[in-house]
Amino acid sequence: MKEDIFRITEDPIPPDALFDLVRSDADGAVVTFAGVVRDNSLGRETEHLVYDAYREMAEKKLREIGAEIRAKWGLDRVAILHRVGRMEIGEISVLIAVASPHRREAFEACHHAIDRLKQTVPIWKKEVWKDGETWIEGARPVGNS
Amino acid sequence: MKIKALFFASCRDIVKNREIELEVPEGATAAEVLNQLCQTYPRLSDLRGRMALSVNEDYAAPESILRPGDTLALIPPVSGGCL
């Protein structure tokens, strides 16, 4: 890989941001996963989202996910970007790309990466509705507003 | 001794600060500092049972002993990625 990408960014993430970075000529598969801002949550209409991160620790945890994938599938062509700040409906909040010679390993590793990210990486989402907002911490919202 | 404490998401809304410097007793544990913070900011207590702690950017057990200059962060349940 040209450079190691496990990064928190404020900038919009294009869907193909990581493709060329992870792909090599030995690869027959590139799997990318994009997490996208949806227009509804918890039965309410989402206006926009705001993500906050403990940036230094988040990037460290993302690198650890990369190390897990290297250990389990022998793949080092993995990249993860997570955006922070305000995001509108349809924008990409997280993008993961994994390249491998065959599809199975790339699918499995990409699935592992998003599951682990949601468990261990210190990033938080705030749902903003027309009539209020709340931090989502774990599976449920905090307090009422 | 002096340490740094970091707050995110709902914790930051309560403390109204992302980062504060704290004077704590020599040899204090992460849990003891959390107690001290909950006294200063009582609304943190509501989140207490659900929060994780990190010391110097790694998850840490409550009984971890802090050293001067350490960075303690309160980590509410994370919600990155997408639901």
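Residues numbered from 1 in each chain as written. Chains lettered and ligands numbered in written order. Predicted model: local features only at pLDDT ≥ 70, side-chain atom pairs only at ≥ 80, totals over all residues.

### A short note on the overall build of chain A
What counts is decided by this rule: Working definition: helices are DSSP H or I runs of at least four residues, strands are E runs of at least two. Numbering for both runs from the N terminus. Radius of gyration: over C-alpha atoms. The globule rule applied is 2.2 Å multiplied by the number of residues raised to the 0.38 power. We call a residue exposed when 12 or fewer other C-beta atoms sit within 10 Å of its C-beta, buried when the count reaches 20 or more, and partly exposed for counts in between; the C-beta positions come from the backbone. Once C-beta atoms are placed from the backbone, any two residues with those atoms within 7 Å are in contact.
Counting its regular elements, chain A contains 3 helices and 10 strands. Seen in sequence order, chain A has helices and strands lined up from the N terminus as β-α-β-β-β-α-β-β-β-α-β-β-β. Scaling as 2.2 N^0.38, a compact globule of 145 residues should have a C-alpha radius of gyration of about 15 Å, and chain A matches this with 16 Å. Overall, the C-alpha framework of chain A stretches about 50 × 25 × 25 Å when taken along its three principal axes. When the 145 residues of chain A are sorted by exposure, 37% land in the buried category. When contacts within chain A are restricted to residue pairs at least 6 apart in sequence, long-range pairs at least 24 apart make up 71% of them.

### Description of the overall build of chain B
On a plain count of helices and strands, chain B comes out with 2 helices and 5 strands. Counting helices and strands in the order they occur from the N terminus, chain B gives β-α-β-α-β-β-β. For a compact globule of 83 residues, the expected C-alpha radius of gyration is about 12 Å, and chain B comes in at 12 Å, within 12% of that figure. Principal axes of the C-alpha set define a box for chain B whose edges measure 40 × 25 × 20 Å.

### A look at the nonpolar core
The test is simple: What makes a nonpolar core is a set of buried Ala, Val, Leu, Ile, Met, Phe, Trp, Tyr and Cys residues, with links drawn between C-beta atoms within 7 Å.
Of all hydrophobic cores here, the largest spans 58 residues; its most connected members are A:Ile80, A:Val98 and A:Ala113. For A:Ala113, the residues in contact, after removing those within four places along its chain, are A:Ile65, A:Ile69, A:Val78, A:Ile80, A:Ile96 and A:Val98.

### Focus: the confidence of the model for chain B
Residues and elements named next belong to chain B. So the rule is basically this: Confidence per residue, as judged by the predictor, is encoded in pLDDT with a range of 0 to 100.
Within chain B, residue pLDDT values average 94, and 98% of them lie at 70 or more. For chain B, per-element mean pLDDT is lowest for helix 1 (residues 9–15), which scores 95, and highest for strand 1 (residues 2–6), which scores 98. The ipTM, which scores confidence in the relative placement of chains, is 0.93 for this predicted complex, and the corresponding pTM is 0.92.

### Side note on helix 3 (residues 103–120) of chain A
Residue and element names in this part refer to chain A. Keep this limit in mind: Expected span, for any helix, means 1.5 Å times one less than how many residues it has. Of all possible arcs, the one meant is that of the directions from the helix axis to the C-beta atoms.
Helix length check: helix 3, at 18 residues, gives a terminal C-alpha distance of 26 Å against a target of 26 Å (1.5 Å per residue), a fit within 8%. Here helix 3 has its buried residues at Ala106, Ala109, Cys110, Ala113 and Leu117. The arc that holds every buried residue of helix 3, seen down its axis, measures 100 degrees, which confines them to one face. In helix 3, the exposed positions that point more than 90 degrees away from the buried face belong to Arg104 and Asp115.

### Some remarks on the packing of helix 2 (residues 55–73) of chain A against helix 3 of chain A
For any two helices packed against each other, the geometry comes down to the angle between their axes and how far apart the axes lie. Residues and elements named next belong to chain A. Just so we agree on the cut-off: In this analysis, axes come from line fits to C-alpha atoms, helices being fitted only over the stretch in contact, and the angle between any two N-to-C directions falls in the range 0 to 180 degrees. Crossing handedness is read from the near helix: turned anticlockwise from the far helix by less than a right angle, it gives a left-handed crossing, and turned clockwise, a right-handed one. Under the convention adopted here, Pro, Cys and the residues Ala, Val, Leu, Ile, Met, Phe, Trp and Tyr are nonpolar, Asp, Glu, Lys and Arg are charged, and Gly plus all remaining residues are polar.
Orientation of helix 2 relative to helix 3, taken along the N-to-C sense of each, is 145 degrees, at an axis distance of 10 Å. Taken as a pair, helix 2 and helix 3 cross one another with a handedness that is right-handed. For the pair helix 2 and helix 3, the contacting residues are Lys61, Ile65, Glu68, Ile69 and Trp73 in the first and Glu105, Glu108, Ala109, His112, Ala113, Arg116, Leu117 and Thr120 in the second. Within the contact of helix 2 with helix 3, the residues separate by chemical class into 6 nonpolar, 2 polar and 5 charged.

### Re the interface of chain B and chain A
If you look at the interface, chain B gives 17 residues, while chain A gives 24 residues. Mapped onto the side of chain B that touches chain A, the elements with two or more residues apiece are helix 1 and strand 5 (71–75) of chain B. Counted by class, the side of chain B that touches chain A contains 10 nonpolar, 5 polar and 2 charged residues.

### Observations regarding the environment of A:Pro14
Checked against the element boundaries, A:Pro14 lands in the loop between strand 1 (6–9) and helix 1 (19–22). As a C-alpha pair, A:Pro14 and A:Leu95 span 81 residues in sequence and 8.8 Å in three-dimensional space.

### Re the sheet that holds strand 5 (residues 78–83) of chain A
Residues and elements named next belong to chain A. Test applied: Here the rule is simple: two strands pair whenever DSSP picks up at least two bridges between them.
One open sheet holds the 4 strands; their spatial order is 1-5-7-2, and the pairing between them is mixed. Edge positions in the open sheet fall to strand 1 and strand 2 (29–36), since each of these has one partner strand only. On average, each strand axis in the sheet is inclined to that of its neighbour by 10 degrees, with strand direction left out of account. Pairing geometry for strand 5 and strand 7 (residues 92–100), over 5 bridges, is antiparallel. Directly across from isoleucine 80, in strand 7, lies its bridge partner isoleucine 96.

### Topic: the sheet that holds strand 2 (residues 19–23) of chain B
As a general point, the strands of a sheet are linked pairwise by backbone hydrogen bonds and lie either parallel or antiparallel. Residue and element names in this part refer to chain B. Spatially, 5 strands are ordered 2-1-5-3-4 in an open sheet, and the strand pairing comes out mixed. Edge positions in the sheet fall to strand 2 and strand 4 (58–60), since each has one partner strand and no second. Each strand axis lies, on average, 35 degrees off the axis of its neighbour in the sheet, ignoring direction. Here strand 3 (residues 52–55) pairs with strand 4 via 3 bridges, running antiparallel. The partner of serine 54 across the bridge, within strand 4, is tyrosine 59. In the packing of helix 2 (residues 30–40) onto the sheet, the strands contacted are strand 1, strand 2, strand 3, strand 4 and strand 5, and the crossing angle to strand 3 comes to about 115 degrees.

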